[in-house]
Amino acid sequence: MIHQISVFLENRSGQLAEITHLLAENGIDIRAISIAETSDYGLARMIVNDAPKASAVLLEAGVILSMTPVCAVEVPDAPGGLAAFLQLLAEAEVDVEYMYSLFTHRAGRAYMVVRVSDETALTAHDIKLVGMDELGLK
Amino acid sequence: MANYYQPEIETASYEQIRAWQNERLVKQVQHVWDNVPYYRQKMEEKGVTPADIQGVDDLHKLPFLCKDDLREAYPYGLMGKPLADCVRIQSTSGTTGRRVVAFYTQHDIDLWEDCCARAIVAAGGTKEDVVHVSYGYGLFTGGPGLNGGSHKVGCLTLPMSSGNTDRQLQFMTDLGSTILCCTPSYAAYLAETIHERGLKDQIKLKAGIFGAEAWSEDMRHDIEDSLGIKAYDIYGLTETSGPGVAFECEEQTGMHINEDHFIAEIIDPDTGEVLPEGSKGELVFTAITKEAFPLLRYRTRDICVLTRKKCSCGRTHIKMSKPMGRSDDMLIIRGVNVFPSQIETVLLQQGYTANYQIIVDRVNNSDTFEVMVEMNPDMFSDSLAKIADAEKELVGALKSMLGIAAKVKLVAPKSITRSEGKAVRVIDKRKI
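Scoring rules and cut-offs
- Residues numbered from 1 in each chain as written.
- Chains lettered and ligands numbered in written order.
- Predicted model: local features only at pLDDT ≥ 70, side-chain atom pairs only at ≥ 80, totals over all residues.
- Heavy atoms only, no water.
- Helix = DSSP H or I, 4+ residues; strand = E, 2+ residues; numbered from the N terminus.
- Rg over C-alpha atoms; globule rule 2.2 N^0.38 Å.
- Contact = heavy atoms within 4.5 Å.
- Areas by Shrake-Rupley, 256 points an atom, 1.4 Å probe, with all protein chains shown as cover.
- Lys, Arg positive; Asp, Glu negative; His and termini not counted.
- Charge placed at Lys NZ, Arg CZ, Asp CG, Glu CD.
- Domains from an automatic or database assignment.
- Buried area = accessible area lost by both parts, 1.4 Å probe.
- Salt bridge = Lys/Arg side-chain N within 4 Å of Asp/Glu carboxyl O.
- Polar contact = N/O pair within 3.5 Å; in protein donor to acceptor, adjacent residues only side chain to side chain.
- Nonpolar A, V, L, I, M, F, W, Y, C, P; charged D, E, K, R; others polar.
- Buried < 20%, exposed > 50% of the residue type's maximum accessible area, 1.4 Å probe, protein only.
- Pairing = 2+ DSSP bridges.
- Axes fitted to C-alpha atoms, helices over the stretch in contact; angles between N-to-C directions.
- Arc of directions from axis to C-beta.
- Phe/Tyr/Trp six-rings, centres within 6.5 Å; stacked < 30°, edge-to-face > 60°.

In terms of helices and strands, chain B carries 11 helices and 22 strands. Against the 2.2 N^0.38 benchmark of 22 Å for 432 residues, chain B shows a C-alpha radius of gyration of 23 Å, consistent with a compact globule. For the C-alpha atoms alone, the extent of chain B along its principal axes is close to 70 × 60 × 40 Å. For chain B, the share of sequence-separated contacts (at least 6 apart) that also reach a separation of at least 24 residues comes to 65%. Split by element, the accessible area of chain B, about 17,500 Å² in all, is 51% carbon and sulfur. Distance between charge centroids for chain B: 2 Å, based on 49 positive and 60 negative side chains.

Set out below in structure tokens:
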């Protein structure tokens, strides 16, 4: 499992710029980001290289956030890589709540951040979960 | 046009009105002194006895009653008659902690319905008319009041109550409603729907009696043009019986207060001092004929102006302007009384901070009501569905507290404007 930081975004231009600027100033590297929105507000989910530090910086600035453990999964960086993974989940009747991709520089391998309805089912189905250390995260 | 319901009363001389008021006030003060210990104590604290009140000129000596008194004395503390003599209650649209319950004897209901009948006749109502009452029926005074008044005039009365626009329009066209009674915003909505559905040629409306919320002259003209009717204002509050305390005549320049039943005063809301005729201030009513709920010097919190200028309709009773605002923080949204403190209570109950802002506007003659709420860490989640569920729960809790739906907008913490360190709770953009 890896740490994810979710941030509340008011529907106002410049909100996300302010947050990412704050992280940049503090030397935090964003490794993955995904935005979900409603007509009234949004939510940014992020994987950063130093979650405790990022969270401290954002809280200090009065940003509303939550830290959630999510799964990082390695899939082959080839056609059908993601499809095969999702097929396994479907067979195990595990639902995906949300998913987005994670940047690395490893040739041939892709990483997905995924929040599912039942995490234990992932390991039972021979899906390769990657940890914080492997991804160089704190 | 001699359209009076009780001509001898409605066109009585000033001296006659004054004589009625003097006599009835003296009697009413004695009635309250004898039967309402809560008010008697207030009088004693001020050192006033019934002997000090010889007529309207002495009215200023009496203590005020306000909404807090009603709450403190809830439910029976201000009754002037035993429960066995009462036949009805009505209650305000307000809710928990703010609810007002008013009691009526049969005599009280008769007089109230007379007041409403005067309003219907002033709007051109006769026994030939079909009166379409789309005010809510039930605890709200609007439906029962106009319904009773319509019976008195002998009109065919359609007790439609509010909502179900399809049914409203069906009855309106099939039964040929001629006088519509509802809130001005619902009238505007019905007018719009009638146009959308091309029903204009099938309606026979000639007049409307619209009250329970503030409306502008512009809105009046919109409704009049759109429906091809004359639109009359009506005023009242549950505490003093309901609609019909004051009503408009064809001159449409203010509402005649039924002075044979109510003595009106205008006071300075800060000092309580009585202001001369023509001054702008808070409207205070003394009910001089009510038996079961005889409120003396009740502060309405509505700001308006009184004038006794001669009216072309021939009525002699004093006129009040449309309310121009409030001397407390109550908002009237879609005809419903809303206190910001009620919203605060719900937010705290639901786990939000009490940092909020209410934005009220009027779009297409209908009130919009938005509550901006600052997101807080406890309510936040990485799942949009969970946030949306919490938001839905908040919307539901607000609706059950206030009786009307509010749109909730979640905003970032500390983003609600503060002026001089104090949050601005209400932004009312309505131009009324």
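Next up on the list: the domain arrangement of chain A. Residue and element names in this part refer to chain A. Here chain A is partitioned into domain 1 (2–68) and domain 2 (70–135). Using only C-alpha atoms to locate each centre, domain 1 and domain 2 end up separated by 23 Å. The interface is formed by 11 residues belonging to domain 1 together with 14 residues belonging to domain 2. A buried area of about 1,100 Å², summed over both sides, lies between domain 1 and domain 2, and 61% of it is on carbon and sulfur atoms. Broken down residue by residue, the surface that domain 1 buries against domain 2 is led by I2, R31 and R45, which jointly contribute 54%. Inspection of the domain 1/domain 2 interface yields 0 salt bridges. Our count for the domain 1 to domain 2 interface comes out at 6 residue pairs in polar contact (both at pLDDT 80 or more). Elements represented by at least two residues in the side of domain 1 that touches domain 2 include exactly β1 (2–10), β2 (30–37) and β3 (41–48). Considering only residue class, the side of domain 1 that touches domain 2 consists of 5 nonpolar, 4 polar and 2 charged.

This paragraph deals with the environment of L199(B). Within the element layout of this structure, L199(B) appears in the loop between α8 (184–196) and β6 (207–211). Judged by its relative accessible area of 15%, L199(B) falls in the buried class.

Looking now at the sheet that holds strand β22 (residues 426–428) of chain B. Working definition: the strands of a sheet are paired by backbone hydrogen bonds and lie parallel or antiparallel to each other. Residue and element names in this part refer to chain B. The strand order β19-β18-β17-β22 describes an open sheet built from 4 strands, whose pairing is mixed. Among the strands making up the open sheet, the edge pair consists of β19 (407–411) and β22. Averaged over neighbouring strand pairs, the angle between their axes works out to 20 degrees when direction is ignored. Pairing between strand β18 (residues 366–374) and β19: 5 bridges, direction parallel. Directly across from V373, in β19, lies its bridge partner L410.

This brings us to helix α3 (residues 81–91) of chain A. All names here are of chain A. Taken together, the buried positions of α3 are G81, F85 and L89. Seen end-on, α3 carries its buried residues on one side only, within an arc spanning 70 degrees. Buried residues in α3 make contact with β4 (65–76), β5 (96–102), β6 (109–116) and α4 (120–124).

We now examine the packing of aromatic side chains. Tallied over the full model, the rule gives 10 aromatic pairs over all chains. On the numbers, 6.1 Å between centres and 80 degrees between planes, the contact of F8(A) with F380(B) is edge-to-face. One end of the pair, F8(A), is in strand β1; the other, F380(B), is in the loop between β18 and α11 (384–402), on a second chain. The pair F8(A) / F380(B) is uniform in exposure class, with both members buried. Seen in terms of ring centroids, F210(B) and W215(B) are 5.8 Å apart; in terms of plane orientation they differ by 75 degrees. Their pairing is edge-to-face. A relative accessible area of 0% means that F210(B) is categorised as buried. You can call W215(B) buried: its relative accessible area is 2%. Among the aromatic residues, those joined into a cluster by ring pairs are F8(A), Y41(A) and F380(B).

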